[in-house]
Amino acid sequence: MGTENSGTVEISEPLLEEPSKIPESDSENIPDWKEQITIRGLVVSAVLGTLFCIITHKLNLTVGIIPSLNVAAGLLGFFFVKSWTGFMSQLGFSVKPFTKQENTVIQTCVVACYGLAFSGGFGSYLLAMDEKTYNLIGPDYPGNRAEDVKNPGLLWMMGFIFIVSFLGLFSLVPLRKVMVMGYKLTYPSGTATAMLINSFHTNTGAELARNQVGRLGKYLSISFCWSCFKWFFSGIGDACGFDNFPTLGLTLFKNTFYFDFSPTYVGCGLICPHIVNCSVLFGAIISWGILWPLISQRAGDWYPADLGSNDFKGLYGYKVFIAISLILGDGLYNLIKIVSISVTEIFRNSSMENNIPLVMEVIGGESSRLELEKKKRDEVFLKDRIPFWFAGSGYVALAAISTATMPIIFPPLKWYLVLCSYLIAPALAFCNSYGTGLTDWSLASTYGKIGLFIIASLVGSNGGVVAGLAACGVMMSIVSTAADLMQDFKTGYLTLSSAKSMFVSQLVGTAMGCIIAPLTFWMYWNAFDIGSPDSPYKAPYAVIYREMAILGIEGFSELPKHCLALCCGFFVAALAINLLKDVTPAKVSQFIPIPMAMAVPFYIGAYFAIDMFVGTVILFVWEKINKKDADDFAGAVASGLICGDGIWTIPSAILSIFRINPPICMYFGPSVRT
């Protein structure tokens with residue numbers, strides 16, 4: 001968890017140095033901001049953005065856990081452009097050198113593009129409006145009205161993403177100097193990505209990068225071929241093949257405890273920290289191993305025994321609402337914590353401004369060299385300014401357009417509610433960006449849920465569900481893109497990239513995402529049975545978000561017996577676990593599970609937890625055998641596994657569209673004595 005040591009914040013010279021004061025020996029040829037954005041870079045960004053959108057959609061529609069792909073974006077961007085320049089050079093063409101600034105721009109553009117596949121709500125609040133989610137909850141469920149249905153449509157989804165996704169980029173641009181240079185926020189993911197890109201563009205780093213790309217390509221091929229092989233045995237529907245292999249026995253298989261041979265989830269286990277993977281498994285054991293079997297024995301007492309598997313008045317209601325309780329408890333605690341830390345640090349830094357020591361520059365020595373490097377980064381970062389009037393007028397203009405058009409797309413969401421959202425959004429975006437810089441943990445979904453509950457309750461039963469879900473999208477998009485931009489500013493600061501090129505590449509990447517993210521989702525929507533409990537793409541958060549909107553207007557009166565008490569218990573447990581993590585020593589707190597991660601298998605099942613735990617065991621053993629090798633290549637191996645499985649989704653979707661089914665259905669049953 002990244003933290004800030006405010007005691008080290010000292011300014012010994014003006015933040016903007018004259019170029020003449022930078023020694024010639026310490027300078028390097030830094031391209032102009034326009035030269036950092038190239039046609040080849042944008043082409044590579046579009047290709048990688050498409051690939052990562054496909055991967056993000058798959059994860060979003062299955063388990064809802066999205067690992068950070070920043071490192072993979074930087075690595076693959078380096079690989080593609082280096083391969084292109086090498087190929088063209090061999091043909092005798094003269095090509096421009098590939099710089100770390102161009103590499104950073106590609107990474108920024110890709111992250112902005114695939115980020116919309118998550119914040120765009122294709123697996124959560126947008127999908128929660130559709131008819132299938134409405135039917136899953138049930139027409140007879142109080143507050144679940146047929147009028148509050150809006151099925152996915154390619155054009156209106158593109159329009160919605162366009163009018164809400166750019167505002168976050170303009171909301172915090174004037175604070176980039178304060179956030180990156182004034183408060184010296186770490187932004188751990190952005191810093192790690194910058195270190196990786198810097199290493200690529202040195203002789204030593206180029207060798208490491210070649211080895212990393214080799215590993216990534218090897219495991220990408222293995223993952224792709226394995227996914228293709230699995231397809232032949234998967235039959236029609238979701239009951240056959242390796243995805244339903246009872247590896248731990250048929251009894252545990254009925255309670256979703258089995259290894260389904262998914263390269264994607266094993267790759268997630270390699271990327272995610274050990275505590276996240278163990279928390280997911282712990283949550284699976286508590287829910288599917290203990291809680292659900294016990295509650296199912298109360299059928300006929302706590303809830304009617306003849307209800308369907310997706311009826312919220314039965315066992316399904318316990319699954320969804322207890323998961324929501326854990327998520328809200330964890331999110332609320334971390335929201336309060338981050339806001340408190342942000343306010344405390346802001347006042348602490350403000351109180352220090354009048355007592356900043358003036359330190360004379362010492363010539364020579366390691367400290368002088370580091371100071372010169374810092375001055376150079378400051379100079380480059382501040383050289384290409386983004387005017388305050390441009391950011392302010394851009395935000396106002398986009399907010400005005402969005403305020404006018406949002407009620408057209410979602411009639412229950414009145415214009416004055418949209419306007420109020422945009423008035424408070426910059427403050428929440430600052431809190432989220434500041435918290436992300438301190439902890440590397442973005443709470444965009446939590447801010448979205450706050451907007452959902454508030455707007456749903458204000459609108460009431462006459463359209464409150466759709467209005468709340470749309471308001472969730474507005475808030476979530478703004479705070480998410482603002483945090484992503486500030487993290488990319490940190491990456492650009494450390495790689496000597498222009499802030500203006502970072503901002504422009506974010507704009508371009510966001511524009512790409514507004515087209516690519518809906519198109520790739522539309523591929524899934526037409527090729528697969530999205531949202532069905534019997535589909536591999538169950539879209540678990542769609543039901544959860546619609547239920548939260550209904551709760552905002554209806555209350556808890558229709559829940560099954562003792563469900564509310566259990567929800568309150570797990571909500572308090574989430575708060576207590578987080579508090580325990582914060583008050584215990586680090587050597588103890590590192591073993592305390594994360595409630596947010598525990599909640600995911602409560603609704604989805606235990607199978608993906610087994611896969612992720614296999615990934616974390618592989619990484620643990622690898623670190624014990626050769627820690628340096630694991631540190632250097634685990635990310636590349638994980639990215640290869642995820643990307644290969646994600647790439648197979650494209651031909652799989654095409655086969656599904658043309659109604660070409662797998663030729664074999666491999667299934668398992670108990671032995672029968674004859």
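Below, the structure is looked at part by part. Remember, predicted model here, so these are calculated numbers, not experimental data.

Bringing the packing of helix α18 (residues 444-459) against helix α19 (residues 464-494) into the picture now. Following both chains from N to C, one finds α18 and α19 inclined at 150 degrees, their axes separated by 7 Å at the closest point. As the angle between them shows, α18 and α19 are arranged roughly antiparallel. Note on packing geometry: the crossing formed by α18 with α19 is right-handed. Listed contacts from α19 to Ala444, Ser445, Tyr447, Gly448, Lys449, Gly451, Leu452, Ile455, Ala456 and Val459 of α18 are Gly464, Ala467, Gly468, Leu469, Ala471, Cys472, Met475, Met476, Val479 and Ser480.

Glancing now at the packing of aromatic side chains. For the structure shown, the criterion picks out 41 aromatic pairs. The interplanar angle of 75 degrees and the centroid separation of 5.4 Å between the aromatic rings of Tyr524 and Tyr537 together place this pair among those described as edge-to-face. Here Tyr537 lies in the loop between α20 (499-527) and α21 (540-554) and Tyr524 lies in helix α20, a separation of 13 residues in the sequence. Since its relative accessible area comes to 7%, Tyr537 is described here as buried. Where Phe528 meets Tyr537, the ring centres are 4.7 Å apart and the plane angle is 45 degrees; that geometry is what we call tilted. Side by side, Phe528 and Tyr537 carry an identical accessibility label, which is buried. Over the ring of Trp525 we find Lys132, and its NZ or CZ is 5.7 Å from the ring centre.

Further remarks concern the nonpolar core. Core analysis: the largest hydrophobic core is formed by 184 residues, its most contacted members being Phe52, Phe160, Met406, Phe410, Leu413 and Phe489. Phe160 has contacts with Tyr125, Leu126, Met406, Ile409, Phe410, Ala470 and Gly473, leaving out every residue within four places of it along the chain.

Let's shift gears to unusual backbone geometry. In this structure, Phe261 is a non-glycine residue whose phi angle is positive, near 60 degrees. Inspection of the secondary structure assignment puts Phe261 in the loop between α11 (250-254) and α12 (263-271). The exposure class of Phe261 is partly exposed, given its relative accessible area of 23%. In the Ramachandran plot, His562 falls in the positive-phi region, its phi being about 65 degrees despite a non-glycine side chain.

This part takes up the state of the cysteines. One pass over the full model with this rule turns up 1 disulfide. At a sulfur-sulfur separation of 1.8 Å, the disulfide partner of Cys240 is Cys665. Where Cys240 bonds to Cys665 through sulfur, the torsion about that S-S bond is close to -60 degrees, and the disulfide is left-handed. Taken together, the residues span a long stretch of sequence, with Cys240 in the loop between α10 (203-231) and α11 and Cys665 in the segment after α26 (627-657) at a distance of 425 residues. On the basis of relative accessibility, which here comes to 8%, the residue Cys240 falls in the buried class. A relative accessible area of 38% places Cys665 in the partly exposed class. Lacking any disulfide linkage, Cys225 is separated from the closest cysteine sulfur, that of Cys228, by 7.1 Å.

Definitions and cut-offs
Residues numbered from 1 in each chain as written. Predicted model: local features only at pLDDT ≥ 70, side-chain atom pairs only at ≥ 80, totals over all residues. Heavy atoms only, no water. Axes fitted to C-alpha atoms, helices over the stretch in contact; angles between N-to-C directions. Helix = DSSP H or I, 4+ residues; strand = E, 2+ residues; numbered from the N terminus. Parallel < 35°, antiparallel > 145°, perpendicular 65-115°, else oblique. Left-handed = near helix turned anticlockwise from the far one by under 90°. Contact = heavy atoms within 4.5 Å. Phe/Tyr/Trp six-rings, centres within 6.5 Å; stacked < 30°, edge-to-face > 60°. Buried < 20%, exposed > 50% of the residue type's maximum accessible area, 1.4 Å probe, protein only. Lys NZ or Arg CZ within 6 Å of the ring centre and 35° of its normal. Core = buried A, V, L, I, M, F, W, Y, C linked by side-chain atoms within 4.5 Å. Disulfide = S-S within 2.5 Å.

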